[in-house]
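One letter stands for each residue in the lines below.
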Amino acid sequence: MPTTRRLWVSVVTRASVSLAILVAAVIVYQLLYATRPRPEVVEGNTALTRVRVFEVRSTEINRQWRGFGTAVAMDAADVPAEITAVVASRPEGLRPGVVIKKGQLLLELDVDDLKRRLTAAQANLTDIEARLSQLASEQGFLERRVKLENEEVAIAQSELDRVQKLRDTNSINPRDLEQTKKLLIAAERSQLATEQMADTVRENRKSLNAQLEAQKQAVGQAQRDVERTSITSPIDGVLASFDVDLGEQVTAGRRVARVVNLQRIETPIRLPASARLEVKLGDAVTLLSTGQIECEWHANIARLSPVDDESSRTFTVYVELRQPSDPAAIRLAPGQFVEGIITTGGVSGSSGGGSEMMTVVPRSAIEADRIWLVEGGKVQSQRAHVAFALERAIPETGLDVTEWSVLENALPIGTLVIIDPPRALAEGQMVEPVLPHQTTTPPVSPTVTPASPASTPLSPASTPLGAADPQREDQP
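My aim in this report is to walk through the structure given alongside it, one point at a time. Here the structure is a predicted model, which is why all the values come from computation and not from measurement.

A separate point is the overall build of the chain. A count of helices and strands for the chain gives three helices and 25 strands. Every one of the 476 residues in the chain was classed for burial, and the buried ones make up 31%. Taking all contacts inside the chain whose residues are at least 6 apart in sequence as the whole, residues at least 24 apart take part in 76%. Summed over its atoms, the accessible surface of the chain is roughly 29,500 Å², and 54% of this surface lies on carbon and sulfur atoms.

A positive phi angle, near 55°, is found at arginine 313, a position not held by glycine. Among the structural elements, arginine 313 can be located in the loop between β14 (296-304) and β15 (314-322). Residue classification places arginine 313 among the exposed residues on the basis of a relative accessible area of 66%. For aspartate 369, which is not a glycine, the phi torsion comes out positive at approximately 65°. If you trace the backbone, aspartate 369 turns up in the loop between β18 (366-367) and β19 (370-375).

So, on to the packing of aromatic side chains. Tallied over the full model, the rule gives two aromatic pairs. Between phenylalanine 68 and phenylalanine 337, the ring centres sit 5.7 Å apart and the planes meet at 5°, which makes this aromatic pair stacked. Note that phenylalanine 68 is positioned in strand β4 (residues 64-70) and phenylalanine 337 in strand β16 (residues 337-343), a separation of 269 residues in sequence. Assessed through its relative accessible area of 43%, phenylalanine 68 is described here as partly exposed.

Turning next to the sheet that holds strand β8 (residues 105-109). Hydrogen bonds between backbone atoms are what pair the strands of a sheet, whose relative direction is either parallel or antiparallel. Spatially, β9-β8-β6-β11 is the arrangement adopted by the four strands of the open sheet, whose pairing is antiparallel. Of all strands in the sheet, those with a lone pairing partner are β9 (230-232) and β11 (249-250), marking the two edges. Relative to β8, strand β6 (residues 85-89) runs antiparallel, the two being bridged by two bridges. Residue pairing across strands places serine 89 opposite glutamate 108, the latter belonging to β8.

There is a patch of nonpolar side chains on the surface, built from Leu19, Leu22, Val23, Val26, Ile27 and Leu31 and spanning about 560 Å² of accessible area. Assignment of secondary structure puts isoleucine 27 in helix α1 (residues 2-34).

What counts and what doesn't
- By convention here, each chain's residues receive numbers from 1 onward along its written sequence.
- The predicted origin of the model limits local features to residues at a pLDDT of at least 70 and limits the giving and counting of side-chain atom pairs to 80 or more, whereas totals for whole chains, interfaces and linings rest on all residues.
- Side-chain numbers here rest on the full set of heavy atoms in the structure, without hydrogens or water.
- Working definition: helices are DSSP H or I runs of at least four residues, strands are E runs of at least two. Numbering for both runs from the N terminus.
- Here's how the labels work: a residue is buried when its accessible area is under 20% of the maximum for its type, exposed when over 50%, partly exposed in between, all with a 1.4 Å probe on protein chains only.
- Should any heavy atoms of two residues lie within 4.5 Å, those residues are counted as being in contact.
- For the accessible areas, the method is Shrake-Rupley and the probe is 1.4 Å, while residue cover comes only from the protein chains on display.
- Two aromatic rings from Phe, Tyr or Trp, using only the six-membered ring of Trp, form a pair when their centres are within 6.5 Å; if the ring planes differ by under 30 degrees the pair is stacked, by over 60 it is edge-to-face, and anything between is tilted.
- In this analysis, strands are considered paired if DSSP registers two or more bridges between them.
- Surface patches are defined over residues having more than 30% relative accessible area and no salt bridge, joining like charges when they lie within 9 Å and nonpolar side chains (Val, Leu, Ile, Met, Phe, Trp, Tyr) when within 5 Å.
- For this analysis, a salt bridge means a side-chain nitrogen from Lys or Arg found within 4 Å of a carboxyl oxygen belonging to Asp or Glu.

Structural data, given as C-alpha cells:
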C-alpha cells in the first residue's frame, strides 16, 4: 500500500511539472506574438524596376586585332672588353639606371703592362729604322763602287783588245798579252763581288722593311691596347648592367656592361593568320601593360613577317614605338610583356580604309553569351555573337564607355539594350527603360499606412517577415 501511494505521488508530480511548463510556453508565445513587428500595408500600384538602356545605332568601326609580345630595345649595346686585363677603376656614381652619353667612360683597365709592351715595341721600331738607315748608306756606297768597277772592266777590256791587235802584227811580247788578260779578270772578279754585296744589302733592306711594317703594326696595336683600357659607351642610353667588379680580370670579347636606348622600342606581336589580309604597314597599335598599373603607349606597325607559323597558325607584326627622351616620362621598358591592340585602317578611332558600319554594344550588356533587350516594356534576351572586342571611346553613343563588343549580326536601329542587366532579370518581366541622356526622378512612393495593433493576425498565406518588398527599387 505505501508503495502504491508513492507511485501515484510521483505521477502527479511529473504531470504537474509538465503542465506548468506547457502553460509557461503558451504565455511566452502570447507575449512574443503581441510584441511582433507590424508589417506595412502598401496601397497603390507596384513600381517597375528601372534599367539603364542603350539605343542601338549603326556605327562606323575600324576592326581591331589583339596579340601579345615582349618589348625589345632597337638600339642596345653589349659593351665588351677588347683586351685581357684587370679592372682598375670605374667612375664614381655610375650605377645601373644612370643616363649616359656616347663616349662616356664606363671602366678603366690596368694599363701598366700594356705601356711596357708599347715601350718595347717602340724601341724595336727605332732599332729597325736605324739598321735600315745604315743599310741604305751601304747600298749607296756599293752602287757607286759597282759603277767604278764597271769602268775598270771596260778599260781592261779595251786594253786587252789593243794588245791582241799588236800581237797579230808580232809587235808585242806574249807575256804582255797574258798580263793584260789577268788585269781584266781581276777587274771582273772585283765587279762581281761588289755586285753580290750590293744584292745582299738590297735583300737585307727588303727584309728590314718588312720587319719595319710589322713592327709599326705592333706599335699601333700596343698603342690601341693602351687606349682600349678606357672602355666607353658606344651609344646614348641608360646603363642597364655592370657585369664585372673591381679587381676582376676580364678577357677580350667578354661583356662588361650593357647600355640600352629607350627612345626606339620594337615589340613583335603574334596575330591570327586570318588577320594578314586586313593588317597593313602603318596601322595604329595601342600597347597596354599587363600589370596592376595600367599604362598605354601608341605606336604603329613597322614591319610584317612574310611567313606564317604552321604550328600556331599565327604571324608576327613588328610594332615600333618612339618614346620621349625625358627620363621622367612613363616609358615602355625592354623586356616588358604587353598586349597589343591593332586598329586596321590607319589611325586608331578614325574612319577610313578598313572601316565598316556595324552594331556595337557595351561589353557589360552581354551576360553569359546573351544580350538583354527591352521590347514593349518587357525583357527579352537572345544569343550574342561577338565578332571582336573594341577598346576606345565612341562619343556619338552618349556613353562614357571604352569597352565595347562588336556584333556579327546587326540589331535593328533603335533597339533598346540593357547596359548592366541585373542577375535576377527574367524573360517577360516588365521594366522601366531609362536612356543615359534622360533626367530621371525617383517615382512617387505609394501611400504607406502602418497596421493597427488590432489588425487581423497574419495568415499562413501572407508575406512573411523579411520577404522581398515589391515597392523597393533596389530589388529586381
